[in-house]
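Architecture and fold: a report
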Amino acid sequence: MKSGYKIEFPKITDSRGNLSFIEGGHHIPFHIKRVYYLYDVPGGAERGGHSHKELQQVVIAMSGSFDLILDDGTSRITVSLNRSHYGIYLGPNTWREMDNFSSGAVCLVLASENYIESDYIRDYNGFLEYIAGIK
Ligand code: T46
């Protein structure tokens, strides 16, 4: 699956409101090992600014909105997230940045691995060198 792919979750609507669900093994293309979330993000803040060697993730805007900038070393796209019934797949070897958080935005991330700092590349030139080396 390519980074930036949109994964739609089931959405059950009725007069009481909407309900979406995510089942391990069905809706996410990896075993979910970790869940984390970003919240209380101050206006103008930017997050991300790194790539991963192995980690796969799905990013969901549980509340509010923000932009996800994805860069494969050749081209860069911006994906705006603003609904909680879909997620964006983020695979390895993708430089990602996050900005334009709305007030009250909550970003939920489902991850394939526990937190491992050595899986991060936090320098953009280092990222370009790394992906050139694995091609
Ligand atoms: C990603 C984007 C979308 C932990 O101790 N455990 C964790 O599970 C995470 C995610 C972070 N941390 C620590 C590591 C740093 O000391 O929390 C601190 C902030 O992490 P970071 O600067 O990496 O946060 P973001 O928002 O820039 O990036 C995060 C994820 O780290 C990253 O994998 O893809 O969200």
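Residues numbered from 1 in each chain as written. Predicted model: local features only at pLDDT ≥ 70, side-chain atom pairs only at ≥ 80, totals over all residues. Heavy atoms only, no water.

1. Looking at the pattern of salt bridges
Going through the model one piece at a time under the given rule, you end up with six salt bridges. Asp14 is paired through a salt bridge with Arg16; the nearest N and O atoms lie 2.8 Å apart. A relative accessible area of 36% means that Asp14 is categorised as partly exposed. The shortest N-O distance in the salt bridge between Lys33 and Glu113 comes to 3.3 Å. You can see Lys33 sitting in the loop between β3 (17–20) and β4 (34–38) and its partner Glu113 sitting in the loop between β11 (106–111) and β12 (120–121), a full 80 residues away along the chain. Relative accessible area serves as the criterion here: at 30%, Glu113 is assigned to the partly exposed category. Because the salt bridges share partners, they merge into one network encompassing Asp71, Arg76 and Glu97. (Salt bridge = Lys/Arg side-chain N within 4 Å of Asp/Glu carboxyl O. Buried < 20%, exposed > 50% of the residue type's maximum accessible area, 1.4 Å probe, protein only. Helix = DSSP H or I, 4+ residues; strand = E, 2+ residues; numbered from the N terminus.)

2. Some words on the pairing of β3
Regular strands have side chains that alternate between both faces of the sheet. When strand β2 (residues 11–14) meets β3, the two strands line up antiparallel, connected through four bridges. Pairing of Lys11 across the sheet is with Ser20, part of β3. Hairpin connection, β2 to β3: the antiparallel pair is bridged by two residues. (Pairing = 2+ DSSP bridges.)

3. Quick look at the site of the ligand
Neighbouring residues of the ligand: 13 residues in total, closest Arg34, Arg47, Gly48, His52 and Tyr120. Arg47 places a side-chain nitrogen or oxygen 2.6 Å from an oxygen atom of the ligand. Measuring from an oxygen atom of the ligand, one finds a side-chain N or O atom of Tyr120 at 2.5 Å. Protein contacts shield 68% of the accessible area of the ligand, which totals 650 Å² for the unbound molecule. Judged by the proximity of its atoms to the pocket grid, the ligand belongs to the largest pocket. By residue number, the principal contributor to the shell around the ligand is strand β5 (residues 47–52), which donates four residues. (Near = heavy atom within 4 Å. Polar contact = N/O pair within 3.5 Å; in protein donor to acceptor, adjacent residues only side chain to side chain. Areas by Shrake-Rupley, 256 points an atom, 1.4 Å probe, with all protein chains shown as cover. 1 Å grid on protein atoms, 1.4 Å probe; cavity = no way out; pocket = protein on both sides within 12 Å on 5 of 7 lines; lining within 4 Å. Sits in = over half its atoms within 2 Å of the grid points.)

That is the geometry; function is a separate question.
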